[in-house]
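# Close look at the chain arrangement
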Amino acid sequence: MNSDQENTDAPVPAQKGPQNGMNSSAPEAEAKASGVSRLRALREAGHKHRLGPEVLPVSISAPFIRRPVATTLLTIALALAGIVAFGLLPVAPLPQVDFPVVIVRAKLPGAGPETMAATVATPLERSLGRIAGVTEMTSTSSLSNTEVVLQFDLDRNIDGAARDVQSSINAARSNLPTMPSNPTYRKVNPADAPIMILALTSDVLTRGQMYDAASTVLAQKLSQVEGVGQASVNGGALPAVRVALDPVRLAAHGISLEQVRSAITSTNANRPLGAVEREDHYWQVGANDQARVAADYAPLVLRWNQGNAVRLADVADVVDSVQDVRNYGVANGKPAILLQVYKQPGANILEAVQRVRALLPQLKASIPEAIDITIVSDRTPTLRASLVEVERALALAVGLVILVVFLFLRNGRATLIPSVAVPASLAGTFGVMYLAGYTLDNLSLMALTVVTGFVVDDAIVVLENIMRHMERGMGALEAALRGSREMGFTVVSMSLSLIAVFVPIWFMGGIVGRFFREFAVVMAA
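Values in this document were obtained by computation on a predicted structure and should not be read as measured data. The numbering scheme is per chain: residues are counted from 1 as the chain's sequence reads. Reporting of local features is limited, given that this is a predicted model, to residues whose pLDDT is at least 70; pairs of side-chain atoms are given and counted only at 80 or more, and all residues count toward the totals for whole chains, interfaces and linings. With hydrogens and water stripped out, all remaining heavy atoms of the structure feed into the side-chain values.

Turning to the packing of helix α14 (residues 380–409) against helix α16 (residues 442–471), a few remarks are in order. Describing two packed helices takes the angle between their axes plus the distance from one axis to the other. To define axes, lines are fitted to C-alpha atoms, for helices over the stretch in contact only, and angles between the resulting N-to-C directions are given on a 0 to 180 degree scale. What counts as a helix is a DSSP run of H or I of at least four residues, what counts as a strand is a run of E of at least two, and both are numbered from the N terminus. Contact geometry for α14 and α16: axes closest at 9 Å, N-to-C directions at 10°. Judged by the inter-axis angle, α14 sits roughly parallel to α16. Residue-level contacts link S386, L387, V390, E391, A393, L394, V398, V401, V405 and L409 of α14 to N442, L445, M446, L448, T449, T452, V456, I460 and L463 of α16. Here the angle decides the label: under 35 degrees means roughly parallel, over 145 means roughly antiparallel, 65 to 115 means roughly perpendicular, and every other value means oblique. In what follows, a contact means two residues having at least one pair of non-hydrogen atoms within 4.5 Å.

Locating A121 in the fold gives a position in helix α6 (residues 113–128). Not counting residues within four places of it along the chain, the set of residues in contact with A121 comprises M116, S141 and T146.

This next bit is on the side chain of T201. Tracing the backbone through its elements, the reader meets T201 in strand β5 (residues 196–201). The cut-offs for exposure are 20% and 50% of the maximum accessible area for each residue type, with area from a 1.4 Å probe on protein chains only; residues under the lower value are buried, those over the upper are exposed, and the others partly exposed. Owing to a relative accessible area of 9%, T201 belongs among the buried residues under this scheme. In this structure, T201 is in contact with M210, A331, K334, P335, A336, A370, I371 and D372, ignoring residues within four places of it in sequence.

In this section: the nonpolar core. For our purposes a nonpolar core is just a set of buried Ala, Val, Leu, Ile, Met, Phe, Trp, Tyr and Cys residues, chained together by side-chain atoms within 4.5 Å. Core analysis: the largest hydrophobic core is formed by 61 residues, its most contacted members being L200, L222, L339 and I373. Ignoring sequence-local partners within four residues, the contact set of I373 consists of L198, A199, L200, L218, L360, L363, K364 and I367. Core analysis: the next-biggest nonpolar cluster, separate from the first, contains 19 residues, V104, L124, I131 and A172 among them.

The backbone phi angle of S144 is positive, close to 70°, even though this residue is not glycine. Considering the arrangement of structural elements, one finds S144 in the loop between β2 (134–142) and β3 (145–152). You can call S144 buried: its relative accessible area is 16%. Its identity as a non-glycine residue notwithstanding, N332 has a phi of 60°, on the positive side. Here N332 is to be found in the loop between β13 (330–331) and β14 (334–343).

Here you go:
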């Protein structure tokens, strides 16, 4: 009985498990018995994880610190993507803002401004005013011409607006007088200025001949260049024959203006002249009765008076001229035809101008040798100079930030952190700009220059806290984990507060909001 009682009271030896399990549980058991925190007990026992302390709470930066190889590869990938995106970003002086504007033009030869306003502009205005989304409509009537400018809401699709304008023109056609051609419309963007202006001059050819070469050859070739949206011809008009009638001579021969008009129209009609056939032969009459120059119009017979022919040269002065004598261009004191080159939306201005310059020798070879082509205006030098200046300021800001960090921390390895963080952040922003369809302009580069300080602020705050732990004797890895964890919430709150400042600009409406929306997005990115 005693032996049984002794066996019962004897303590049963604890079953020993694996060595690792006993070592990991012992400090925790001691911590529970003595009331010491688990973190302190494990630290005193010297337990370390292979990639850092296993007891620290998880933070945002902990996965990146524990996996340096993956973090390095991710940073390199981000930098490479930003470098590629930087080369693909279009260059422009200001953000691309499309103003939905449509211009309607109508012509009625011989009509005065009052007649154009009453008979042409008024019916067009009534029909165009029913289009939804029109914010402003302005009409201008001059001699033989009427122009109606329609401005739509910024959110209105320009293609849909153009279709509505075409439908309104067709609806107003029955209320318009008889016109040589239907009213036309064109989509324009008032914010787009010509990226290049070319001048055509000649000491031999007339302005009409130069205009003909510019409109039929040069304008079409320039419009096919990548990055060029439109090439307009100004400063002249197409060749034409002008007939200046003398009322005194008309009255002396008893000829009215209508008789002159019908004679010119019927004689110069390009119509089939018929055919002559026989039993086994067939002849198509192909005589050319087209009058192209003043010499062809001068002998035109208007009527017969007592067996004598009254010709057009007897009652009028017939000269070779142009369609619009009031359109005149001058370059360097010489009569010139001006070619205005506009960029395509979203195109790189620098590359587009470079392609046009490379095409100039081919353009000169495709027109008469007597015509000289000179570049009157080119926007790329000033644009390139402004972008270079902003990029220089950005590089200087990054360099000064790195220098200040080195002077205060006096640690080369610590200085490498902002040296890598700032370029990587800027490269990532270039990728966001490319995906968002933004351009590399003065506002976006200014935003990058300003945001450089914000990025460095966050890096310095975390870096200083890590250095503080390392000065107290803590290892580099543990100091990085602890320092980033302690400052993680602060850095996130600082970044979110800065983003919140630019959110109202992001949702700002109107033209000003469209311009500064890109600035706000680049700052937040």
